Amino acid sequence: MKRKLWTLLLALGAALALCVGASAETVERDFYEALSVTNGSIKLENDFVFENVMDVGFNLTIDLNGHVLTIPKSICVNSRAHLTIIDSNPSAEHKFTPNADGLWVLDETNGTETVYGGVITGGTGYPIQFGSGAHAYTAYYGGAVYIEPGGTLNMGGGSIVGCSAVYGGGVCVEGKFFMTGGSIIGCAADRGGGVYMRDDDTVFNMSGSAAIRYCKAASKDSSHASGGGVYALGAFTMSGNAAIRDCECITDSRRAAGGGVYLAYNNNTTTFTMCGDAVIDRCKVTSPQNGMSYGGGVFVSGKASLTLKDQAAIKNCSAKKTSDGVTHGGGIFAEGTLTIAGLAEVDKDCSAAVGSGI
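Residues numbered from 1 in each chain as written. Predicted model: local features only at pLDDT ≥ 70, side-chain atom pairs only at ≥ 80, totals over all residues. Heavy atoms only, no water.

S.K.: How should the overall build of the chain be read in this particular structure?
M.R.: When its secondary structure is counted, the chain shows two helices and 42 strands. Within the span of the chain, comprising 358 residues, buried residues form 51% of the whole. Relative to all contacts within the chain whose residues are 6 or more apart in sequence, the contacts with residues 24 or more apart total 69%. Roughly 15300 Å² of accessible area belongs to the chain as shown, and the carbon and sulfur atoms make up 51% of that amount. (Helix = DSSP H or I, 4+ residues; strand = E, 2+ residues; numbered from the N terminus. Buried < 20%, exposed > 50% of the residue type's maximum accessible area, 1.4 Å probe, protein only. Contact = heavy atoms within 4.5 Å. Areas by Shrake-Rupley, 256 points an atom, 1.4 Å probe, with all protein chains shown as cover.)

Right, dumping it as structure tokens:
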């Protein structure tokens, strides 16, 4: 009789635990607990707003679980820390509406664009102060995530949507960024609408099904706009089925360069390798009558190299002006080194006034 009673109590306890787990709600304390341990993890059970800068000092895994994580500020991955973003509910649906600047804004009721799976949104960059006294100013890096030198971001699922900064609308990388899945969508910056690689030692690898879509580099002052999808310093690789699509670099003055990717000029050689079935598709640069536009797909600076191999392709890209004028390199504008091998191609459907393809 005692054994039967004990068995019944165990069964009731298990049922109660299951019930409590099923109704668990993610609260701010859960984040701080996960951030405080060496190998923390958190799985969202509901949409959540994290109000402060999220400082990742150790190793942290965030499972978006199909929900929306709104970060009005940014996530900072510190030196020697690792942030991993995954999503265990990729069929969830969320609605967004692009605004006049091309930034996708969450609008679950009337949104015109659908994003599937969990989402990080709303970030406006990590503040870094330069100068002092009257000459001090603050610049914002990595709308959703800023990766310090020595830090690492692994993104295997979910999407970064509708984030903005001056440098890197979605992510700013000074360490390493391995993007094996998920997407960066509808983000905006002056340089690097999707991703900004800030340093010669930076590493950014896109592979698997990783995608950067509908991101924009736009400048309304006298500065250049560069890299609608990616602004690259260091080593950038696209492989597998990785894609940069429908990204744009646009300026109201001077120069727009690299609708898909801008390979920057710096002390060391910036390298970009596209291999496997990687693709840059439907990207463009646009400038006004007095400006110049270069490299609808990729702009290759003098101290940079681009290698296309396997079945990699740059297609349907263009260099345009808002009025008549000369545009350069619909697919690629190259000042540095360009190598095309295997079955890689710059598609005939690229367009510009000078050098439709290259």
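Read on for the rest.
S.K.: I'm lost on the confidence of the model for the chain in this one. Help?
M.R.: For residues with low pLDDT, the predicted coordinates do not support detailed interpretation. Confidence in the prediction for the chain averages 89 pLDDT; 90% of positions are at 70 or higher. Here residues 1-23 scores under 50 on pLDDT; set against residues more than four positions off or in separate chains, the count is zero contacts. (pLDDT = per-residue confidence, 0-100.)

S.K.: Help me understand the nonpolar core, please; the structure alone is not making it clear to me.
M.R.: Nonpolar side chains in soluble globular proteins tend to be buried together. Core analysis: the largest hydrophobic core is formed by 65 residues, its most contacted members being F177, F236, I244 and I280. Not counting chain neighbours up to four residues away, the residues in contact with F177 comprise I147, L153, M155, V171, I184, V195, V203, F204 and N205. Within the second largest apolar cluster, 16 residues are counted, among which are Y231, L233, A257 and Y294. (Core = buried A, V, L, I, M, F, W, Y, C linked by side-chain atoms within 4.5 Å.)

S.K.: How should the pattern of salt bridges be read in this particular structure?
M.R.: Side-chain pairs of opposite charge can arise whenever the charged atoms involved come near each other. One pass over the structure, following the stated rule, counts six salt bridges. Where R29 meets E33, a salt bridge forms, and the shortest distance between an N and an O atom there is 3.8 Å. One end of the pair, R29, and the other, E33, are both in helix α2 (residues 28-35), four residues apart, so they sit about a helical turn from each other. Taking the relative accessible area as the measure of exposure, R29 reaches 55% and is therefore exposed. Under the relative-accessibility criterion, E33 is labelled partly exposed at 45%. The closest approach of N and O atoms between E248 and K216, which form a salt bridge, is 3.9 Å. Of this pair, E248 sits in strand β29 (residues 248-251) while K216 sits in strand β24 (residues 216-219), placing them 32 residues apart in sequence. With respect to class, E248 is no different from K216; both count as buried. The network of salt bridges with common partners includes R245, D246, D281 and R282. (Salt bridge = Lys/Arg side-chain N within 4 Å of Asp/Glu carboxyl O.)

S.K.: Any chance you could explain the packing of aromatic side chains here in plain terms?
M.R.: Note on aromatic pairs: each is described by the distance of the centres and the angle between the planes. Taken as a whole and assessed by the stated rule, the structure comprises 20 aromatic pairs. Ring centres of F130 and Y141 lie 6.5 Å apart, and the angle between their planes is 50°; on these two criteria the pair is classed as tilted. Of this pair, F130 sits in strand β12 (residues 126-130) while Y141 sits in strand β13 (residues 137-141), placing them eleven residues apart in sequence. Pairing F299 with F333 gives two aromatic rings, centres 5.4 Å apart and planes at 10°, and the pair type is stacked. Of this pair, F299 sits in strand β36 (residues 298-300) while F333 sits in strand β40 (residues 332-334), and the two are 34 residues apart along the sequence. The exposure class of F299 is buried, given its relative accessible area of 1%. Each residue in the set Y126, F130, Y137, Y141, Y146, Y167, Y196, Y231, Y262, Y294, F299 and F333 is aromatic and connected to the rest through ring pairs, giving one cluster. (Phe/Tyr/Trp six-rings, centres within 6.5 Å; stacked < 30°, edge-to-face > 60°.)

S.K.: Would you mind going over the environment of A243 with me for this structure?
M.R.: Structurally, the position occupied by A243 is in strand β28 (residues 243-245). Distance in space between the C-alpha atoms of A243 and V279 is 4.9 Å, their sequence separation being 36 residues. Those residues within four positions of A243 in sequence are excluded, and the remaining contacts are M206, A210, A211, I212, M238 and V279.

S.K.: Hey, could you run me through the side chain of E248 in this one?
M.R.: Using a relative accessible area of 14% as the deciding quantity, one classes E248 as buried. Beyond its immediate stretch of four places on either side in the chain, E248 contacts C215, K216, A217, G228, G259, K284 and T286.

S.K.: How do you make sense of the sheet that holds strand β22 (residues 203-206) when you look at a structure like this?
M.R.: Backbone-to-backbone hydrogen bonds join strands into a sheet, with any given pair of strands oriented parallel or antiparallel. Here we have ten strands laid out as an open sheet, ordered β1-β4-β7-β15-β18-β22-β27-β32-β37-β41, and parallel in their pairing. Either end of the sheet is taken by a strand with one partner, and the two such strands are β1 (39-43) and β41 (337-340). Between one strand axis and the next, the sheet turns through 10° on average, direction left out of account. Both strand β7 (residues 82-86) and strand β15 (residues 152-155) contribute to a ladder of four bridges, which runs parallel. (Pairing = 2+ DSSP bridges. Axes fitted to C-alpha atoms, helices over the stretch in contact; angles between N-to-C directions.)

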